[in-house]
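Structure assessment
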Amino acid sequence: MPERYRATSHAGILGPYLKQMRPFSLWLGFGMLFSLVTLLSSIGMIALSGWFLSASALAGLSAGTAAAFNYFLPSAGIRLCVLTRTAGRYGERVTSHEGTLRLLSQLRRHVYEAIEPLSPTALQRYGSGELLSRLTADVDALDSLYLRVIAPSLVALLAIVGCGVVVGVFSLGIGLFVTSALLLSGIVGPWLAWRLGHRHTARWQELNGRLRTQLIGRLSALPELLLYGRWESETDALTEAQQQRDAEECYAARLWGLSQWLSQTLLGLTLTAALAMAAWLASRQSLDPTLIALTGLAVLAAFEAIALLPQAWQNLGKVRYAAQRLEAVRTHVPAITYPLNDRHSPRDASLAISNLHAVFADGTQALSGVSLIMRDGEHLALLGPSGSGKTTLLNALVRFVEPQRGNLLLGQVALRDLSETTLRESFAVAPQDIHLFVASYRENLQLAAPEANDEEMTDLLVALGLGEWLKAQPKGLDSYPDEDGSSLSGGQLRRFGVARALLSPARVVLLDEPTEGLDDGTAAQVLNEIRRYCQGRTLLLVTHRPAGLEQLDRAAILDAGRLQEIDTPQALLARPESRFSTLNRRIVL
Amino acid sequence: MTQDTQTSRRWLASQARHGGHWPYVAVIAGSASTLLLFVQAWAIASIAQRMVMTQATFADLLVPLLVLPLAFCGRGALAWLKTEAGTRAAVRIRQTLRGELLQRIGELGPLWARRQHSATLGNRVWDQVDALHGYYADYRPQRVLCLATPLLILLTVFPLNWAAGLILLVTAPFIPLNMAMVGIGAKQRHQAQFQEMSRMNRHFLDALRGLSTLKLFGVSRAQAEVVHEVAENFRARSMRVLRLAFLSSTLLEFFSSLSIALLAIYIGFVYLGHFDFGTWGGNLDLFAGMFILVLAPDFYQPLRDLGAHYHAKAEAEAAADDLMPLLAARPPVTKRRHGWPVPERLGITLENVTCRYAEQSAPALDDISLTIRPGETIGVVGPSGAGKSTLFNLLMGFLPPESGMLKTHDGTHIDTLAPEAWQSAIGWLGQRPAIVSGTLADNLRLADPDADDVALRQALREVALTDWVGALPLGLATPLGDGGQPVSGGEARRIALARTFLRRAPLLLLDEPVASLDRASEAHVMRTLARLKQERTLVMLTHRLDLLALADRILVLDHGRVRAIDTLAGLHAAHPGLLDAAWRHAENSHA
């Protein structure tokens, strides 16, 4: 979990996102320009109308002045404002949406690129899938930074100045007053809203995220909760906790209500003062009285620019929280770096592990001095109880885990000297948790071998005992898995993962518990096929069931982070006291 | 308008009742605000009239200058009230709906929930319910105000000047027209965009979740481009739609500007004597003209606000489409007994039971008849897909039988019992036991909320977790689950096994109880099971001979049917091929 909301500077944490906007500044700039045109047209239209009414009413008092009154210019001005306001609005909507959607694409890539180099095992430990789905929502929150905060604030500033200029042309004093009063309301409102609100909106985010995680956790424990009669009490607890979050929401609404009241009151005072000043000047003959209405209506229209600002600033806490969460992931999860190019090329597909020390993701010791040499093309089974460090060893080989000490060599070249491309091309891996992408089964398999054709894929699936399953799929390889791959049973999913790894042309194959969840018959069949497909390739097979391993070149037993014994299966079986023999006697059916 | 839109609208409207009186407060506050607008217009128009036309002194302006800020202050207060009332209404509605959804999920059961995928379900219960907020907080009150405010303004303007009223009235039909325009296709459009958006989000999420797989196959770096490309495609498709969609809001902007311009020009021309209609035969003074002009922008304002809330409506309708089937999916409600005393010992008889999973043609259990005697231990074997897990789902009441019946040993029909009553007789260890976020003690107390620490420690001892707990920094209070102490598969299974000990249930269903355990723990658990078997009815799914040796009888399932049920020895005698492998290994180990 990311730590609590910190009150560090907004600029610091949001800075990188402001930078992201730069490539789109043209779009965003045009958006603001159009928005300004719209606002100024509104101000111009209503102020001009107010003046036109007053002046024509005054001129209409006598027939002579009425006839001499030039109504052409003001009415043309009003009509012009109608057109610019309409066009401005359309332009603003199109350009600002274009700009923000482009920004959104960029932000997504940015977030992905920020997460991509992080150690996958550490990432998983850090907060699993739920964190990632929140990150997705965060990207959307970040884009409102421009759309709702930055652009409207800048436009409001310019519109207020514009309004001040319109009024100031006729009376400098009133113009200055109006500008400063509107600026004051434009600053005080949002500032107060941000000041009082940002902690609460951030807290809302925090509670919301926590509750959402809690809900999804409870949903996945639904069978247990129902069976143990706890679903109702769990949902009651959730509903109660939800009220805390909703209280924050009500607070935000109250704050937004308060800012509306405050800004309306300030507007009332500004307008009244501007009207009073204009009337005072008019009564002393130093201002044309027809300009009184113009002043008042201009202030009224300019207010539209600042009306919605407090709400946007209040929500800044949400935006910042999102940025902080991403930052927290990046700082807490170590990244793994690779050289750009291979320092040396591996000579063959042999593996040499010497004196390897590594820790589990939770910091406890996983491997303490493991040494193991596999020659090119050798098939080796690595056995051991759960928690003995087998998976960590595999993770160290694919550099998901950085060892504390020791050397890992592939074809006599240190893994650390290999570029990521070479490393990935060298290893074909089927981990314990097989992720199926929301894509067809074909695409999921082709991930390993883009060139693989349907026949190869089908043959392999049939060989691994998935033929019947494939036949039952409505569209064969073109079918889509359910999310989480739940249309495959646990054992089937494993075998699908094995198929994916075996399709890959890599010279070293690493399989983590490929036969878990299978009955003995199927397990033996799968093992045979694995061996057949791995002819000429180096195979490291991690398992805790020894049945059928007699066919492999060697077997090793790992326990408590140390290699306990390693030899040919026959030799190990010949020694009745060996752990391999004991294991082999115990596992049945 | 499609049938669907109608139903989702009706549904949304019907849920508004959960908001209590708050929705009305919001509408009343909004309407009262229009009345204060008249005061504002009066004050501004009076000042103009008095200063321009009657050359009044500054003192004559005192009343309008005092009333004006008060009117603004009042409108601000009403806006505040409207905002709070709307939010409260929406919060109440969401809380009620979420409660109903959670209850419904409990009624529909885990098999149904698994079909929905827990993240999708979570998204519905959480995000989709929240998506209703804007609709109830803003859109619905605003829709009423869209009619009330223009009507109030028209009623005030007409007596003053019919031509001005007519200008407003003529543009007024554009209000419903505009509402329709905004509405036509907008839902489909919005829904299409909504779907695109969630598809894009799903893709992004999928890429992040599958990051280690992408890495293993060396395509993770290149995926950044794909992520960008998918988002850019989304942008291109959205903009194509939006460029058209914005035309309708632009049209609204145009009409509201046009009516103000027409009003100003008309009134000006009346003053100048070019026009002499619309005044009901009287005079139109500057006051009346200015009054009308100040009101004009607010004639259209509610509709512009409605447009701003339109996305809330579309979002809510999309959410409603998702939520309605969930709330409508009612499991058959029959009168069932709650007060069933859980017997000390429990046996079950299945008579010709057939079970089928939803949307599957082949039955998962096909005409099974079987008697499990009280206190008996049954081992269940069979290839994967034979119906072993289905048998558990059936016994736990998660999967109702399609035909046939289940009875307890004393003849009670299980389908006459309330599910909670029946389930209280069962303890269960599943294939992938759930660890809920909470402390270790919380996780154990799922099975018995009243268990004290002594009982918890005892249960942990039974499953050989004492050393593990001892090594935990906070012992029983150690947080597990997301972000807490990581729990390996083997540990999770043992915690789940410990739960079944805490649960004093006469029937235990265990799925591979010693899977992924090390040898010492395995032996320990095995001894515990042997003791447990003395006092309870045990059904175990297992492939292991040493566990099968504990069983009184062994049930061999194949393709959903009973292939054999007999003692281990009987089975071996009758079906020599069946357990060959098992015997071979067993003899090896005795050799």
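The rules behind these values
Residues numbered from 1 in each chain as written. Chains lettered and ligands numbered in written order. Predicted model: local features only at pLDDT ≥ 70, side-chain atom pairs only at ≥ 80, totals over all residues. Domains from an automatic or database assignment. Contact = placed C-beta atoms within 7 Å. Nonpolar A, V, L, I, M, F, W, Y, C, P; charged D, E, K, R; others polar. Pairing = 2+ DSSP bridges. Helix = DSSP H or I, 4+ residues; strand = E, 2+ residues; numbered from the N terminus. Axes fitted to C-alpha atoms, helices over the stretch in contact; angles between N-to-C directions. Expected span 1.5 Å × (residues − 1). Buried ≥ 20, exposed ≤ 12 C-beta atoms within 10 Å, placed from the backbone. pLDDT = per-residue confidence, 0-100.

Let us look at the domain arrangement of chain A. Many authors give the size of an interface as the accessible area that is lost as the parts come together. All names here are of chain A. Each assigned domain of chain A is listed here: domain 1 (10-332) and domain 2 (351-586). A C-alpha centroid distance of 55 Å is found between domain 1 and domain 2. Listed by partner, the interface residues are five residues for domain 1 and five residues for domain 2. Of the residues contributing to the side of domain 1 that touches domain 2, the split by class is two nonpolar, two polar and one charged.

All names here are of chain A. With antiparallel pairing, the four strands of this open sheet are ordered in space as S2-S1-S4-S5. A strand with exactly one partner marks an edge of an open sheet, and here the two such strands are strand S2 (365-374) and strand S5 (413-414). Relative to S2, strand S1 (residues 351-359) is paired through seven bridges, and the arrangement is antiparallel. Bridging across to S2, Val359 finds its partner in Gln365. In the packing of helix H13 (residues 390-397) onto the sheet, the strands contacted are S1, S2 and strand S4 (405-410), and the crossing angle to S2 comes to about 65°.

Here the focus is helix H9 (residues 291-302) of chain A. Residue and element names in this part refer to chain A. When the terminal C-alpha atoms of H9 are compared, their 16 Å separation across twelve residues agrees well with the 16 Å that a helix rising 1.5 Å per residue should span. Burial runs high along H9: twelve of the twelve residues are buried. For H9, the set of buried residues is Leu291, Ile292, Ala293, Leu294, Thr295, Gly296, Leu297, Ala298, Val299, Leu300, Ala301 and Ala302.

Attention shifts here to the confidence of the model for chain A. Mean pLDDT over chain A: 86, with 94% of residues reaching 70 or higher. This stretch, residues 1-7 of chain A, has a pLDDT under 50; its non-local contacts, to residues over four places away or in other chains, come to eleven contacts.

As a further point, take the sheet that holds strand S1 (residues 348-355) of chain B. Residues and elements named next belong to chain B. Spatial ordering of the open sheet is given by S2-S1-S4, a layout of three strands whose pairing is antiparallel. Looking at which strands have only one partner, the edges of the open sheet turn out to be strand S2 (365-372) and strand S4 (403-408). With direction set aside, neighbouring strand axes in the sheet form an average angle of 10°. This element, helix H13 (residues 388-395), spans S1 and S2 of the sheet and lies at about 115° to S1.

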